[in-house]
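Descriptive structure summary
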Amino acid sequence: MMKRVLLCLVLATTFFLVVGPARGQDLRRAGHVRLDASGGRHGPVELRASHDPREGFTGELSIANEGKEPLIVSRIAVRGDAADPRSPPKVVARLADGVLPVTIAPGATRKAVVQWIPERGVRLRQLFAHVVVTSSDEQSGEVAMGVRAQLPGLLGPLEGHVLSLLIGIPLLGALITFLARALGRRDDKTPHVVTVVSLALQSALAIYVYRGFAPDVSRLDGNDGLQFVEHGVWIRGIAAEIFFGVDGTGATTLLVTSLVGFLSILPERTVPRGTSGYHAAYLTLAAAVPGALCAMDGLLFVLFTAVAVTSSVLLVGGWGGAGRRAAATKLALLGAIAIALLLVTVIAVSREAEPTFLVDGTKTATTFSLPELSRVALGAKGAKLFGLSFVKVAFVLVLLASLVLLGAFPLNAWLAPVFMEAPTAVGALVSASLPTIGVCALLRIGCAVLPEGMRWASGVVVALGAVTALYGALGALGQTDLRRLAAAGTTAQVGFVLLGAGSLTPQGLSGAMVLASTRALACALFLVLAGAVEERAHTRDLTRLEGVATQMPGWSAALAAAALAQAGVMGLAGAWGPMLALLGALPNYPPLAVVAALALVTAAAAHFLALSKVVFGKLAGDWEKSPLLEPFGGRFPDLTGREWTSIAPLVTLVVLLGLWPAPLFTSTTGTVRDLTNAVSPPGPEQISFGPSVAPRSPTL
Amino acid sequence: MFETAGTLTIVELVSSLAALVLLPLLWAAVAMVSAIRGTGSRFAVRVAIAASGGTFGLAVAQAARAAQTPPGRVAEQHIVQLARIGQLDLGIDLVRSPTSAAFAVLVAFMAFAAVLHAVWTGSKRVASRLAWTGLAASATLLVVLADDLPAIAVGLQLATLAGWAIAGGGRSRPLGLALAGDTAIVFAAWMLFWSLGGTFGASGYTPDPLPRFALVALPDPPRADGKATVSLTTYEDALVSSDDGPPLPGEPVRSPFTLPLDAGNYSFRIQSGAATTDLLVTHVALAAGRAYVLMPYGPTTSLRNLGDQLAVPRPTPVGLASMRAAISTRTIAGVHVPTVLGIVVLLAALLRLALLGKSERGGLAYTLEGVAPVVLAMHVAPLVDPGVAAALAVVPGLASVILAAAAAASRSRDGVARTALAALAALAIASVFLGETAGAITILVASTLGAAAMTVALDSDADVRWLGVACASVVGVLPGAGASPGIAAVIAGAFGASAANRTAGAVVAPLATISVILVSLAVFRVYGANISKPHAPAGPRGARLLVVVLAGASLLGGAALGTGSSPFGGDTQPLARRLVAGAGGIDGVPRIAIAAVALSLAAAVIGLVAARRATRTPQAPGWLMVLDAPAALLARGTILVASLVRFFVRSVIVMHEDVIDDATEVLASGASLVGNQVVVRTGMNDPSRFERVRIAVVIAMVALLGLVVLSSVFLG
């Protein structure tokens, strides 16, 4: 038996050694094209700034003929067209000398020059493009070489890796906490300081990204409408790429989640047991969240989401309250389902991709790049998945995964237990991050990659949104526990995310995107405040906390801002998202918009009534004798200076963005335009008549 | 296709209106900080008095400027651009028109009075009361001066917040009603927004393809230099350039602007902002010396733009089309959009009045709450067909009767002024829907000041004669003073509607009369109860002085606003009629005017006489208590709604616990079984081992993400 196997192996090896090269030689008889970066390196070609600023950035690539016959090169161009430019304007590619068509002798090489002259006041500070070469090599077909360039910035050589730094700094912090422990520093303070410093740096970088983010950049501006792009080939065999970028959703959510992560841990005084693991897991979560928010590769998105869910489960299960096991189990179970659904969808969609190029120019039949997948007309292909319409099944899977991550009805079983049991900082970060990742999943995969699915299911999505909002609002009305109230308020708010996204109007989509940030802010603030009072009173029960405002006016004022923002009261940050979601849903789904409006009223009433207890209730007399308050002279101590350093910025943001939401809206507009074009492409009746009138905003 | 002509509201840009809203916020902030820190309130009191006095002074100055502004022109201040998404242009703009300036004076004066009252009556929580009063004043001023929806929506919700806080929280039903009213306003605005462009069909909303901008030729006299002018005062920060024709000087020009241009043919390209593509106004001819405005058409949230669209027909391929005609053809559930809008806004306004009439209040800040509902009605009434509006006026008329009856049957004297004000505000809303906006303004001003005078008189044990003056002013017992001209105008408006074959007018007139009788009965019952126990004035001197000022202002304010000779065939128009710049329904019909005046006076006197009879005995007569029945019935209705909500709340909680949680737990228990097996077999039931595994998982995750980051740095 063994002999036969060995014989087969020998025969097979001989076949490949002898026949394989012969086949290759046959192929190379004709002209065979190969592209290289200058110096024979692999792509992509790095464009360098010329000494003369008028010449912008230039780079060279070589076109080699590896065949045995002459190769005729007929076209050298930058990939893209007017409808889908792919790269920023003013990028040209040409032969270094001579004109096309050009014949390249066997074994010879010709140079091509790529030039990018950024316009004055350019909005995109990077260039990612492909130079495509068409030749007589029919076997290879059109070949491409990746090209990239980076305008100089404040961070010098690190300018092109801001997002890696944003993700990497907390990871470095996590490593340091382990190292410190390994080196014998087992005190509680060291990991806390490391965590705070890491997250402060992360927040500073997030502010840098937000400040540098040019608003109203869409796909028509090039680079797929992304900024701060990092794009490289990761695992070539499966066409997996490292692809990070910031779009309209990411710009503000990155900032908000980073700030929440930093500000929530800042005032933490009591450190849970197993300190180093706790802080490392917290930092891992803080690293995974921006990773997921910036991931533009499907696999990468799933990977970061999985790490975010896993670290959340570890944090809740390991360092939570008495019911931590049950809470962690629910989150783990539902989270695993969501990740599995996302993974199946991403793999399935990637198998339907059109042939394209990786960032370095390698031709690939499949890709996980989300912007590339969004170019595939999956509906028109008539593909099937599990025997059903591919687009519909894939969309349902994404929707279910998004519902879990958002904490929307009916897959919100993890939300309240996690909010109840998680340590304060963890609860705040999880509340800010997982639903935000859910928004990204819904918009980036559901809307952008599967727009036909979104159109098909828009009614269901809006209905789910209205029901979720009302469900959350009614749930909030019955709560006396502050953390449960936060969970119910979150459910109500994510209902408006679904309402806006399902409306397919630019206003609704904008509302959904804005809600991703404002909800995170309000909920995190609310949970931090709930944690502060719990530390003092060992209770979160509003009936026990009646009238506490008389002794904790600062805490109460901050709670009022958080609660009313969470309730969507106008004048505070949480209001604009629901307002726009309602506006978006009204024209096509008026009854559901009425239901959502009722939800808005109910949620507001629930939060007002909760505040009534705290602010206007009568403080129970037994608190005076409570041993908990003995150290403070029988009175509730108000927020400390350390707590204010964490709470004041969040309160300021909640109030400021309520009165002036423009910073939120302006950063989303480009992405809103892209999403609207995807889910609601302009029809003939939507174009203004008359020969000289430009088409207006697609659905309007 | 891009040219039309008409009379637009001409805008003069100013920068002083924001101070009217910000000054009350200043004292609110100072007082709030003082309340939170628990420090002495002296500084907060000083700041509040100075700021509220300053606000009043500023409001008077603005009113004086408004009086000097020629008709058809307003002053506007663009505060902030919030968002521009598609055709949605959200901003906060304040406008100074004669009406808004008059309301601003009223609100600022009431805020000043509320601050003085809070200070003079003294309270442990004076800082907190000052803070909420400041917020209420700022919010009401925002609603009054607002030129667009976001400002109104923010103002209403801040007013609700302040009202809730001033009332001491607690009562959920009035709060729920007010919140429902606020949301209804937003909902109505969105309905109007979508109704101004496109169509609602079986397949949902279809945007229309008409031009978004047109060049409007103004009927202004020609310029002496022969230059044409082109202005754009909407779409702040939009960039305008020439598309096909002579270049514009300094293009792209940023809005707002007015450009002098040579006569000729032009095409304009308007980059309106984010998430929109450029808009074009092509091949338009500018005549020498003429003034033109680039005006947006279609969905808008700006009240001024809405007014302009109603005034200036829109160019279409088949000629000019009126926006009023366009929205009148649109229906929601078979009902015309303007009617739906009228109903929704009316209900919203009445819900806010319910909050005013029902909740427990302290101080004078409650008097600010009558203003917003009337202002809302004034914004929406012009959109509604006059016949439908007259029919809708029955609803606030009926609400006024119910509220007045509740005031008359009130067992507590403290709530009478509040409920009477709510009843008269409802009557003012009815007046607006009857087309008698001037009457509404008169009623609102006189009743607000009169109710405030009553409250201060009762709080401070002031001279009972001034309480009588305040009562007389509120119900218009004195002809030509206080609310009298306004009430007469409502009744006359109802008669006028009836004469124009609108039967609803015949219903509103008796409703208004009954309402006045009941309000008169209510307030004079309070007066009667006070004169029956004579005593020397004992309250603080300042408060007693405030009663005199408020009662006097109520009488004189009503007279100044409402008295003129035009209703009786003369030429002198009442000031209120000049504010709204529109003829009333009774001008030139002296018989109707005289009948209305007589009826209004008779109603007030009947109420007074009934009050005298009711206060003869210490116990209120039985017939009086019956008057509360309609309000009690409505209250039962709200109880029913509240119990329905409680049922839904219980259902949601039960569903969450018994279905969603349980289903997940079943799945989780299955997973736990497997997990427990793994735990036991791997020995992880040992806590220290479990912790090691947990740390190993964290390290693995850090390593994995680290690998990605390093790959990104070295490969990306």
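Along each chain, numbering runs from 1 in the same order as the chain's sequence is written. As a convention, the first chain written is A and the first ligand written is 1, with the rest following in written order. Reporting in this predicted model follows two pLDDT cut-offs: at least 70 for local features of residues, and 80 or more for side-chain atom pairs to be given and counted; totals over whole chains, interfaces and linings ignore these cut-offs and use all residues. Hydrogens and water are ignored here; the side-chain numbers use all heavy atoms of the structure.

This part is about the overall build of chain A. Counting its regular elements, chain A contains 20 helices and 16 strands. Rg of the C-alpha trace for chain A: 28 Å, near the compact-globule value of 27 Å for 700 residues, within the 12% margin. In terms of overall dimensions, chain A has C-alpha extents of about 100 × 75 × 65 Å along its principal axes. For the exposure calls, accessible area comes from a 1.4 Å probe over protein chains only, and a residue counts as buried if that area is under 20% of its type's maximum, exposed if over 50%, partly exposed in between. For chain A, with 700 residues in total, the buried portion stands at 64%. Elements are defined by DSSP. Helices are runs of H or I of four residues or more, strands are runs of E of two residues or more, and each kind is numbered from the N terminus. Put simply, the radius of gyration uses C-alpha atoms, and a globule should come to 2.2 Å times the residue count raised to 0.38.

This paragraph deals with the confidence of the model for chain A. All names here are of chain A. Averaged over all residues, the pLDDT of chain A is 87; the fraction at 70 or higher stands at 91%. The score called pLDDT rates the predictor's confidence residue by residue, from a low of 0 to a high of 100. Contacts: residue pairs with any heavy atoms within 4.5 Å of one another. Predicted confidence for residues 15-28 stays below pLDDT 50, and this span has seven contacts to residues more than four positions away or in other chains. Under a pLDDT of 50 for its full length, residues 683-700 has, in the predicted model, 55 contacts with residues more than four places off or in other chains.

Taken together, the contacts link 91 residues of chain B with 101 residues of chain A. Around 8,100 Å² of area is buried between chain B and chain A when both sides are counted, 77% of it from carbon and sulfur atoms. Two parts placed together each lose some accessible area under a 1.4 Å probe, and the buried area is that loss summed for both. If you sort the residues of chain B by the area they bury against chain A, B:Phe187, B:Arg694 and B:Leu705 come out on top, with a joint share of 8%. The rule for a salt bridge is simple: a side-chain nitrogen of Lys or Arg has to be within 4 Å of a carboxyl oxygen of Asp or Glu. Linking chain B with chain A are two salt bridges, by the criterion used here. With a closest N to O distance of 3.1 Å, A:Lys330 and B:Glu665 form a salt bridge.

Bringing the packing of helix H17 (residues 503-531) of chain B against helix H20 (residues 590-614) of chain B into the picture now. For any two helices packed against each other, one specifies the crossing angle of their axes together with the interaxial distance. Residue and element names in this part refer to chain B. For every element, the axis is a line fit to its C-alpha atoms; helices are fit only across the contacting stretch, and the angle between N-to-C directions ranges from 0 to 180 degrees. Between H17 and H20, the shortest axis-to-axis distance is 7 Å and the interhelical angle comes to 40°. When the axes of H17 and H20 are compared, the pair comes out oblique. Here the hand of the crossing between H17 and H20 comes out right-handed. For the pair H17 and H20, contact is made by Thr-513, Val-516, Ile-517, Ser-520, Leu-521, Phe-524, Arg-525 and Ile-531 and by Leu-599, Ser-600, Ala-603, Ala-604, Ile-606, Gly-607, Leu-608, Ala-610, Ala-611, Arg-612 and Ala-614, respectively. For this classification, Asp, Glu, Lys and Arg are treated as charged, while Ala, Val, Leu, Ile, Met, Phe, Trp, Tyr, Cys and Pro are nonpolar and the rest, including Gly, are polar. Here the residues of the contact of H17 with H20 are counted per class, giving 13 nonpolar, four polar and two charged. Convention used here: angles under 35 degrees read as roughly parallel, angles over 145 as roughly antiparallel, angles from 65 to 115 as roughly perpendicular, and any remaining angle as oblique. By convention, the crossing between two helices is left-handed when the near helix turns anticlockwise from the far helix through less than a right angle, and right-handed when the turn is clockwise.

Residues and elements named next belong to chain A. According to the stated counting rule, one finds 30 salt bridges over all chains in the structure shown. Ionic pairing is found between Arg-34 and Glu-66, a salt bridge with its closest N-O pair at 2.3 Å. Taken together, the residues span a long stretch of sequence, with Arg-34 in strand S1 (residues 33-37) and Glu-66 in the loop between strand S4 (57-65) and strand S5 (71-78) at a distance of 32 residues. For Arg-34, a relative accessible area of 34% gives the class partly exposed. One network of salt bridges, with partners in common, ties together Arg-79, Asp-84, Arg-86, Arg-219, Asp-224, Glu-372 and Arg-375.

Each pair of aromatic rings taken from Phe, Tyr and Trp, with Trp reduced to its six-membered ring, is defined by centres within 6.5 Å and is described as stacked if the planes are under 30 degrees apart, edge-to-face if over 60, and tilted in the remaining cases. Scanning the model with the defined rule gives 17 aromatic pairs over all chains in all. Between A:Phe616 and B:Trp164, the ring centres sit 5.2 Å apart and the planes meet at 80°, which makes this aromatic pair edge-to-face. Here B:Trp164 lies in helix H5 (residues 149-166) and A:Phe616 lies in helix H18 (residues 590-616), a pairing that spans two chains. We classify B:Trp164 as buried; its relative accessible area is 7%. Counting every residue linked through ring pairs, the aromatic cluster contains A:Tyr278, A:Tyr282 and A:Trp319. The rule for a charge over a ring is simple: NZ of Lys or CZ of Arg within 6 Å of the ring centre, and within 35 degrees of the ring normal. Here B:Arg694 stacks its cationic end above the ring of A:Trp319, 4.3 Å away from the centre of that ring.

A few words now on the sheet that holds strand S10 (residues 253-254) of chain B. All names here are of chain B. Only when DSSP finds a minimum of two bridges between them are two strands counted as paired. With respect to topology, four strands assemble into an open sheet ordered S10-S9-S12-S13, the strand pairing being antiparallel. Two strands lie at the open edges of the sheet, namely S10 and strand S13 (279-286), each paired on one side alone. Taken together, the four bridges between strand S9 (residues 239-242) and strand S12 (residues 264-271) define a ladder with antiparallel strand orientation. Bridge pairing in S12 places Leu-239 opposite Gln-271.

To continue, consider the sheet that holds strand S4 (residues 88-96) of chain B. Strand order in the open sheet formed by three strands is S2-S3-S4 (chain B), with mixed pairing between adjacent strands. In the strand order of this sheet, the two ends are held by strand S2 (10-13) and S4 of chain B, each with one partner. Taken pair by pair, the neighbouring strands of this sheet meet at an average axis angle of 55°, ignoring direction. Pairing between S2(B) and strand S3 (residues 73-85) of chain B: four bridges, direction parallel. Paired with B:Leu13 across the two strands is B:Glu76, which belongs to S3(B). Strand contacts of helix H17 (residues 576-585) of chain A: S3 and S4 of chain B, with the helix running at about 115° to S4(B), the strand carrying the most contacts.

Once that is clear, we can look at helix H14 (residues 482-503) of chain A. All names here are of chain A. The end-to-end C-alpha distance of H14 is 32 Å, a good match for the 32 Å that 22 residues give at a rise of 1.5 Å each. By the criterion of burial, H14 is predominantly enclosed, with 21 of the 22 residues buried. Just downstream of H14 lies Leu-504, where phi reads positive at about 65°. Multiplying one less than the number of residues by 1.5 Å gives the expected span of a helix.

What makes a disulfide is a covalent bond joining the sulfur atoms belonging to two cysteines. The criterion for a disulfide is a pair of cysteine sulfur atoms lying within 2.5 Å. A complete count under the given rule lists zero disulfides over all chains for this structure. A:Cys447 carries a free sulfur, and the closest cysteine sulfur to it, the one in A:Cys440, is 12 Å from it.

The next point concerns unusual backbone geometry. Peptide bonds are, in most cases, trans, and in most cases residues other than glycine have a negative phi. All names here are of chain A. Omega for the peptide link from Leu-100 to Pro-101 comes to -5°, which places this bond in the cis form. With respect to the secondary-structure elements, Pro-101 resides in the loop between strand S6 (91-95) and strand S7 (102-104). A positive phi angle, close to 55°, is found at Asn-223, a residue other than glycine. Position of Asn-223 relative to the elements: it lies in the loop between helix H3 (189-212) and strand S11 (227-235). Despite not being glycine, Phe-228 has its phi angle at roughly 55°, a positive value. By the element assignment, Phe-228 lies in strand S11. Using a relative accessible area of 12% as the deciding quantity, one classes Phe-228 as buried.

Residues and elements named next belong to chain B. Position of Thr-233 among the secondary structure elements: in the loop between strand S8 (228-232) and S9. Overall, Thr-233 belongs to the buried group, its relative accessible area being 17%. For Thr-233, the contacting residues outside a window of four places in its chain are Val-11, Ser-255, Pro-256 and Arg-304.

Our focus in this paragraph is H5(B). Think of an α-helix as turning once every 3.6 residues; residues three or four places apart then point the same way. Residue and element names in this part refer to chain B. Look at H5: 25 Å from first C-alpha to last across 18 residues, which is about the 26 Å you get at 1.5 Å a residue. Across the 18 residues of H5, 18 count as buried, placing the element largely inside the fold. One or two steps after H5, the chain reaches Gly-168, where phi turns positive at roughly 80°.

Our focus in this paragraph is the nonpolar core. To qualify as a nonpolar core, a set must consist of buried Ala, Val, Leu, Ile, Met, Phe, Trp, Tyr and Cys residues joined through side-chain atoms within 4.5 Å. Counting residues in each nonpolar core, the largest one holds 425 residues, and the members touching the most others are A:Trp555, B:Trp190, B:Val523 and B:Leu550. At 20 residues, helix H15 (residues 506-537) of chain A tops the list of elements feeding residues into this core. Counting residues in each nonpolar core, the second largest holds 29 residues, with A:Val33, A:Val91, A:Val143 and A:Met145 among its members.

What follows covers the pairing of S8(B). All names here are of chain B. Most of S8 is tucked away, with five of its five residues classed as buried. Neither face of S8 is left uncovered, since the one carrying Ala-228, Val-230 and Leu-232 and the one carrying Thr-229 and Ser-231 both have all their residues buried. Here five bridges tie S8 to strand S11 (residues 257-261), and the two strands are oriented antiparallel to one another. Counterpart to Thr-229 in the pairing with S11 is Pro-260. Direction of pairing for S8 relative to strand S14 (residues 291-296): parallel, over a ladder of three bridges. Across the sheet, Ser-231 pairs through a bridge with Val-293, a residue of S14.

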